Amino acid sequence: MSACTLGSDPESAWALLSHRCAFFRACLAFHVLEGCAYGCCLEKLNISKVFCDSITPSRVCVACTFVHGQRRQGKNQCLDAIVMSVSPSRTAPDAPVKNEARFSRDQLTLILAALPDPAFILTRSGRYAALFGGADHRYYHDGSSLVGQSVFDVLAYDKALWFALEIEKALASRALHIVEYSLAGSDVKGLEDAGPEHSIWFEGRVQALDFPVDGEDAVVWVASNITEKNAIEHQLRLQSETDPLTGLYNRRKLLDVLAIEFDLATRTRQPTCLLMFDVDNFKAVNDELGHSVGDELLATIATGCRRALRSDDVLARLGGDEFVVLMPATTLAEGAPIADRLRQQVSLELQSKLQLFSTLSGGLTEISRSDATIGDILRRADEGLYHSKRNGRNQITVV
């Protein structure tokens, strides 16, 4: 409604407008103090400039721009005067102002350009509508050439489709959507050479925008370089899963892999063999030649096993001088010659490299329908191992 229709009582009109809009008083005062074209509203309400001077303008309410809805000049002047206010809304005219800050358009441009990580505005169709920040070429490439293009123009189709689907997920959920992905500068057509030469791991934090961009729904996609963090996490994961002496999987990782294979074998009836073996008279090697020779023996066994086994076989050090080999998609009839070949080749390698005439004894078994847990499989293989020991060592017993 127009301020001119509020009646002739200026104080009543002022109270009504203040009730309807908490910021209206400050807006009207702002109009007078700044010489706004809408100062005529105050004249028609017969509100004096002196009265307005007693009010401290804080934040311009958008509602004031509708006093004369036919004209937009006042709104533009107000928005130009105060581009942004980050102070909390006032609930009363005398409420204190906290953390108030205002930025000009030029300052906002500089703030966006200074963002440490690149922030892309991506539309639903996958078009790069804008890019802010991420100017440090130690961590990022210059992606300004992407603006105006589509992900389908600059990326391989499968990668572009992945981006498009993640944008859809963010738009559908309207909540913060977090993804991780790898991308190299060479993966993006037309990208500037300046930037990291290696592939970069990114954490993408994707949030739907509440307004359309060029007629399309859009998201802001902040891409943070997490390559170093991922490398550290990978190293820590390897240390937690790997035996430091041999470089093989440790007991913890073996049990994880065995649990997966056990579940697969019981569901699909896929045959899977497990070999458990150790070094005959290993204690004597440690006692007579020292623990350093014993460690070298274990490391040589690991090297020999890698050469003797297939690429799909899983090799782990269970503890001490005990090792386990998991053979997926392998029956007992197929696994027996593999296990025996491993036993012979490792013994020959110990002789040629360390001049040690050490042998191996083991037990070979297959995952069975009667097995309730992975512990049943390990116990059966262990029984086969000790059966080989009792029968003279240097052999594999099939259980």
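Use the structure listed above.
Sequence order sets the numbering: in each chain, residues are counted from 1 along the sequence as written. Given that this is a predicted model, residues contribute local features only at a pLDDT of at least 70 and side-chain atom pairs are listed and counted only at 80 or more, while totals for whole chains, interfaces and linings are drawn from all residues. Here the side-chain values reflect all heavy atoms present in the structure, with hydrogen atoms and water set aside.

The next thing to look at is the packing of helix α12 (residues 291-308) against helix α13 (residues 332-354). Packed helix pairs are characterised by how far apart their axes lie and by the angle those axes make with each other. At their nearest, the axes of α12 and α13 sit 9 Å apart, and the two run at 135 degrees to each other. One finds that α12 runs oblique with respect to α13. For α12 against α13, the interelement crossing comes out right-handed. Residue-level contacts link Glu296, Leu297, Thr300, Ile301, Thr303, Gly304, Cys305, Arg307 and Ala308 of α12 to Arg341, Leu342, Gln345, Val346, Glu349, Leu350, Lys353 and Leu354 of α13. Basically, the charged four are Asp, Glu, Lys and Arg, the nonpolar ten are Ala, Val, Leu, Ile, Met, Phe, Trp, Tyr, Cys and Pro, and anything else, Gly included, counts as polar. Its residues assigned to classes, the contact of α12 with α13 shows eight nonpolar, four polar and five charged. Every axis in this analysis is a line fitted to C-alpha atoms, fitted for helices over the stretch in contact. Angles between the N-to-C directions lie between 0 and 180 degrees. Helix numbering and strand numbering both begin at the N terminus, where a helix is a DSSP run of H or I of at least 4 residues and a strand a DSSP run of E of at least 2. For this classification, under 35 degrees means roughly parallel, over 145 means roughly antiparallel, 65 to 115 means roughly perpendicular, and everything else is oblique. Note on convention: the crossing is left-handed when the near helix lies turned anticlockwise from the far helix by less than a right angle, right-handed when the turn is clockwise. Here, two residues are considered to be in contact whenever any of their heavy atoms come within 4.5 Å of each other.

Here we come to the layout of surface pockets. Taken as a whole, the largest pocket encloses approximately 360 Å³ of empty space. Lining the largest pocket are 26 residues, and of these Phe120, His141, Leu146, Leu183 and Phe202 lie nearest its centre. Points on a 1 Å grid over protein atoms alone make up a cavity when a 1.4 Å probe fits among them but cannot get out, and a pocket when they form an open set with protein on both sides within 12 Å along at least five of seven lines; lining residues each have an atom within 4 Å of a point. Grid points are joined across faces, edges and corners, and a volume is the space filled by probe spheres set on the points.

The subject of this paragraph is the sheet that holds strand β9 (residues 314-319). Following DSSP output, two strands are said to pair if at least two bridges run between them. The strand order β9-β10-β8-β11-β12 describes an open sheet built from five strands, whose pairing is mixed. The sheet is open, and its two borders are formed by β9 and β12 (396-398), each paired with just one other strand. With strand direction ignored, the average angle separating the axes of adjacent strands in the sheet is 20 degrees. Bridging between strand β8 (residues 272-279) and strand β11 (residues 360-366) involves seven bridges; their strand directions are antiparallel. Counted as the bridge partner of Met276 is Gly363 from β11. Contacting β8, β10 (322-328), β11 and β12, α13 runs over the sheet at an angle of about 165 degrees to β11.

Closest axis-to-axis distance for the helix α11 (residues 282-289)/α12 pair is 6 Å, and the angle between their directions is 140 degrees. With respect to α12, the axis of α11 lies oblique. Of α12, the residues touching α11 (which contributes Phe282, Val285, Asn286 and Leu289) are His291, Val293, Gly294, Leu297 and Leu298. Of the residues assigned to the contact of α11 with α12, the class counts are six nonpolar, three polar and no charged.

Attention shifts here to the packing of aromatic side chains. Aromatic rings considered in pairs are described by the distance between their centres and by the relative angle of their planes. Here a pair means two rings of Phe, Tyr or Trp (six-membered ring of Trp) with centres within 6.5 Å. Their orientation is stacked below 30 degrees between planes, edge-to-face above 60, and tilted elsewhere. Taken as a whole, this structure holds 11 aromatic pairs when the rule is applied. Pairing Phe163 with Trp221 gives two aromatic rings, centres 5.0 Å apart and planes at 40 degrees, and the pair type is tilted. You can see Phe163 sitting in helix α8 (residues 157-173) and its partner Trp221 sitting in strand β7 (residues 218-225), a full 58 residues away along the chain. Summarising the burial analysis for this pair, Phe163 and Trp221 share the class buried. Geometrically, the ring pair formed by Phe277 and Phe323 is stacked, given 5.4 Å between the ring centres and 10 degrees between the ring planes. Taken together, the residues span a long stretch of sequence, with Phe277 in strand β8 and Phe323 in strand β10 at a distance of 46 residues. Through pairs of rings, three or more aromatic residues link up here, namely Tyr140, Trp162, Phe163, Tyr181, Phe202 and Trp221. A 1.4 Å probe rolled over the protein chains alone gives each residue an accessible area, and that area as a share of the maximum for its type sets the label: buried under 20%, exposed over 50%, partly exposed in between.

Attention now goes to α12. Helix span, as expected, comes to 1.5 Å for every residue beyond the first. In this model, α12 (18 residues) spans 26 Å end to end at C-alpha, consistent with the 26 Å of a helix rising 1.5 Å per residue. Residues of α12 that are buried include every one of Gly294, Leu297, Leu298, Thr300, Ile301, Ala302, Gly304, Cys305 and Ala308, and no others. Among the structural elements, β8, α11, β9, β10, α13 and β11 are those in contact with the buried residues of α12.

Our next topic: the environment of Phe163. On the basis of relative accessibility, which here comes to 6%, the residue Phe163 falls in the buried class. Linking Phe163 and Leu122, residues 41 residues apart in sequence, is a C-alpha distance of 9.7 Å. Once residues lying within four places of it in the same chain are set aside, the contact partners of Phe163 are Val151, Leu155, Tyr181, Leu183 and Trp221.

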